[in-house]
Structure formats: C-alpha cells, structure tokens
Amino acid sequence: MEEIVYLNGDFVPYSRALIPVEDRGFLFADGVYEVVKFYGGRPFRLRAHLQRLEQSAAAIRLPLPAALDELERAALELVARNGLAGRDAVLYIQITRGPARRSHPFPPAPRPTTFMFARPEQGPDPALRERGVRAITVEDRRWALCHVKTVGLLLNVLAKQQAVEAGCYEGIFVRGGVVTEGTASNAFAVFAGTVHTHPAGPYILSGVTRQAVLEAAVRLGIPVVEEPVSLERLYAADEVFVTGTLTEVMPVVEVDGRVIGTGRPGPVTRALQQGFAQLTAAETGRA
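Nothing here was measured: the structure is a model prediction, and the numbers come from that model.

Reading the values: the criteria
- Residues numbered from 1 in each chain as written.
- Predicted model: local features only at pLDDT ≥ 70, side-chain atom pairs only at ≥ 80, totals over all residues.
- Heavy atoms only, no water.
- Helix = DSSP H or I, 4+ residues; strand = E, 2+ residues; numbered from the N terminus.
- Rg over C-alpha atoms; globule rule 2.2 N^0.38 Å.
- Contact = heavy atoms within 4.5 Å.
- Areas by Shrake-Rupley, 256 points an atom, 1.4 Å probe, with all protein chains shown as cover.
- Lys, Arg positive; Asp, Glu negative; His and termini not counted.
- Charge placed at Lys NZ, Arg CZ, Asp CG, Glu CD.
- Pairing = 2+ DSSP bridges.
- Axes fitted to C-alpha atoms, helices over the stretch in contact; angles between N-to-C directions.
- Expected span 1.5 Å × (residues − 1).
- Buried < 20%, exposed > 50% of the residue type's maximum accessible area, 1.4 Å probe, protein only.
- Arc of directions from axis to C-beta.
- Phe/Tyr/Trp six-rings, centres within 6.5 Å; stacked < 30°, edge-to-face > 60°.
- Lys NZ or Arg CZ within 6 Å of the ring centre and 35° of its normal.
- Parallel < 35°, antiparallel > 145°, perpendicular 65-115°, else oblique.
- Left-handed = near helix turned anticlockwise from the far one by under 90°.
- Nonpolar A, V, L, I, M, F, W, Y, C, P; charged D, E, K, R; others polar.
- Salt bridge = Lys/Arg side-chain N within 4 Å of Asp/Glu carboxyl O.

## Thoughts on the overall build of the chain
And step 1. For the chain, the helix and strand inventory stands at eight helices and 16 strands.
And step 2. For the chain, the C-alpha radius of gyration of 19 Å lies close to 19 Å, the compact-globule estimate for 287 residues.
And step 3. With the C-alpha coordinates aligned to their principal axes, the bounding extent of the chain is approximately 55 × 45 × 30 Å.
And step 4. Long-range pairs, those at least 24 residues apart, make up 71% of the contacts in the chain with a sequence separation of at least 6.
And step 5. As presented, the chain carries roughly 13,400 Å² of accessible surface, and 54% of it is formed by carbon and sulfur atoms.
And step 6. Across the chain, the centroid of the 31 positively charged side chains sits 2 Å from that of the 31 negatively charged ones.

Quick look at the structure:
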C-alpha cells in the first residue's frame, strides 16, 4: 500500500502530493515544523508539539491555516490511514507561508501549505543507549532565534554531517565557549549528581523531550540547574547526555575524543532513561 500523506486538508497518496515550485518554504525556508513520536500508535505530548508549532508560527507572523484541534484530528487519522495503529511511529508536520511569486515581502494574500507524513519509527539502536555514543563540538553560527522551530536548518545539517563524517552520533554546538545544544537535540551535563543544561531562550530550541526529562528529574529527586556550561566544564563532567523526540535520552561517553567520566553511561543518565520511559509509558497507555 502506498504511503498516504496529508496535504492542505486532503489525504493523498505520496506520489500525488504536489507542492508548487514557488512555495515559500522551498524558496525561503519560510515555514515551521514539528516532529512527534508515537508509542504503540499513541502520541507522546502531541498537544505540546502543536502548541509549540503555533508559537513558532506566531514568531514568524504566519497564521495557522487550521485550529490545533483540527490539526490533531488530521494527525491521528493520518497515522491510522498508514496502518500504524499499535506501532511506534513518527509524525512530521510542516506549515509554510505557501506559494507566491518569488519576492521577499509577505504575499498580500498568503495561502499556507500544510503537509504531514507518518512513518514507522523505532528510534536509534537500543545498543547505543546501552553503551553510549561519541560526539564532537561544532561552532554555533546559527541565528539568535533558535527557539523558533523553522525549516531553515542548513547550519544544523552541516554540523550534523560534520559529526557523521567524524564517526560520531551528534554534534554539540558551542557559542562563545558555552555549550548550547546538539544539532538535533538538547545537551545536558552532570556534576556531582546535579544535572546542568542551558536555559531556555533564543539560543536553544527547548524540546518537548527536554521538558519531560526535567520533569522526570524532579520526580526522581535529581537536582537540576538551568545555566550555561562552558566547553571546558563539559569535558570535565561526570556524565553527558542528549535528548530529543527520537533520540529520547542518549548517553554521550566521549566528546572531541575525550572520555567523559568513566567512559560508560552514568547513574544519573540511567535513572533519567528509566524515568523518561516510565513517563512515556504512563502518558501513552503502556504502563
């Protein structure tokens, strides 16, 4: 059966989903997006993702073409139409300012493009979460609106490719000597049992998973400090991990060729992996 996608209110086969060549998402990266994980066919914090989509759209002055309730219904139906009920899956949602003759100012009568796909998704190899991964650091040359989840991801793509070519799982951005986040994740360091992470603001995209992990830390009685961590301190951390919708909680055991802590996932990271798994299970009915 051919994959079904959602495009501007209709469910259509992938091969028939056509977008005009002058769509502003294609020409200017003038759009926003979200990625949602489904566990056993049920979404984890879909509404939180949609609310962030709404906030991102507002930040670039893009009116959403549909209410959040309508987008949520369409998302759930799309998952069902692709035979993903009861399966782990990923949902991608993108909204652009739509097609118009190429010109920098907003078109006078925009017709936003709404696109979604839903596909099977297991996430990274469980063995990676068990043994941990390697990362490199990359200069953070992105703009000062990282909290807006736009489709303009070229610098993230280049940094991720640099990490891949170095044989690493992730690239960790550093701005002015301070760790901000990963190319597709939020970054955390552990010192003497306390979790440290860059505060929310314009230099990071505060993830839905990031927030869930912070909640798990509170439930487990693990102290959290939201403050910048220097690169030199990161090298000296007892533990490092990154989080993301598909990454979940991933231990990082080496950064820039330097072993972190014991070189194995530490006890705080392990506790947060379990805490996050319990949270997703409870919220998606798998408990």
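## So, the pairing of strand 2 (residues 10-13)
And step 1. Note: strand 1 (residues 4-7) against strand 2, four bridges, orientation antiparallel. Within strand 2, the position partnered with leucine 7 by the bridge is aspartate 10.

## Re the sheet that holds strand 1
And step 1. Read from one edge to the other, the open sheet built from six strands follows the order 2-1-6-5-3-4, with strand pairing classed as antiparallel. In the strand order of this sheet, the two ends are held by strand 2 and strand 4 (42-43), each with one partner.
And step 2. Relative to strand 6 (residues 113-120), strand 1 runs antiparallel, the two sharing two bridges. Bridged to leucine 7 within strand 6 is phenylalanine 115.
And step 3. Here helix 3 (residues 68-81) sits on the sheet and contacts strand 1, strand 2, strand 3 (31-39), strand 4, strand 5 (89-96) and strand 6; the angle it forms with strand 6, its principal contact strand, is near 40°.

## Regarding helix 2 (residues 46-59)
And step 1. An ideal rise of 1.5 Å per residue puts 20 Å on 14 residues; helix 2 measures up with 20 Å between its terminal C-alpha atoms.
And step 2. What helix 2 keeps buried is the set Leu46, His49, Leu50, Arg52, Leu53, Ser56 and Ala57. Angular distribution of buried residues about the axis of helix 2 spans 160°; they occupy a single face of the element. What points out from helix 2, more than 90 degrees from its buried face, is the exposed set Gln55 and Ala58.
And step 3. Each element contacted by the buried residues of helix 2 is listed here: strand 3, strand 4, helix 3, strand 5 and helix 6 (208-220).
And step 4. A positive phi of about 60° marks arginine 61, the residue just after helix 2.

## Focus on helix 6
And step 1. The end-to-end C-alpha distance of helix 6 is 19 Å, a good match for the 18 Å that 13 residues give at a rise of 1.5 Å each.
And step 2. When helix 6 is considered as a whole, its buried residues turn out to be Val208, Thr209, Arg210, Ala212, Val213, Leu214, Ala216 and Ala217.

## Regarding the packing of aromatic side chains
And step 1. According to the stated counting rule, one finds seven aromatic pairs in the structure shown.
And step 2. Here tyrosine 92 and phenylalanine 117 contribute two aromatic rings whose centre-to-centre distance is 5.2 Å and whose plane-to-plane angle is 15°, an arrangement assigned as stacked. With tyrosine 92 in strand 5 and phenylalanine 117 in strand 6, this pair connects stretches of sequence that are 25 residues apart.
And step 3. By way of ring pairs, the aromatic residues Tyr33, Tyr92, Phe115 and Phe117 are connected into one cluster.
And step 4. The cationic tip of arginine 97 hangs over the ring face of phenylalanine 106; the distance from NZ or CZ to the ring centre is 3.7 Å.

## Here's the deal with the packing of helix 2 against helix 3
And step 1. Contact geometry of helix 2 with helix 3 gives a least axis separation of 10 Å together with a crossing angle of 130°. In terms of orientation, helix 2 and helix 3 fall into the oblique class. At the point where helix 2 passes helix 3, the crossing takes the right-handed sense. Of the residues in helix 3, those touching helix 2 at Leu46, Arg47, Leu50, Gln51, Leu53 and Glu54 are Leu68, Asp69, Leu71, Glu72, Ala75 and Leu76.
And step 2. Tallied by class, residues from the contact of helix 2 with helix 3 come to seven nonpolar, one polar and four charged.

## A short note on the pattern of salt bridges
And step 1. For the coordinates displayed, the defined rule picks out 18 salt bridges.
And step 2. Across the pair arginine 142 and aspartate 140 runs a salt bridge, and its minimum N-O distance is 2.8 Å.

## Overview of the packing of helix 6 against helix 8 (residues 267-283)
When two helices pack together, their arrangement is given by the angle between their axes and by how far apart the axes lie.
And step 1. One can describe the packing of helix 6 onto helix 8 by two numbers: an axis separation of 9 Å at closest approach and a directional angle of 110°. Classified by the angle between their axes, helix 6 and helix 8 sit roughly perpendicular to one another. Here Thr209, Ala212, Val213, Glu215, Ala216, Ala217, Arg219 and Leu220 of helix 6 lie close against helix 8, whose contacting residues are Ala271, Leu272, Gly275, Phe276 and Leu279.
And step 2. The residue makeup of the contact of helix 6 with helix 8, split by class, is nine nonpolar, two polar and two charged.

So, to be careful, I would describe these as geometric facts and stop short of saying anything about function.
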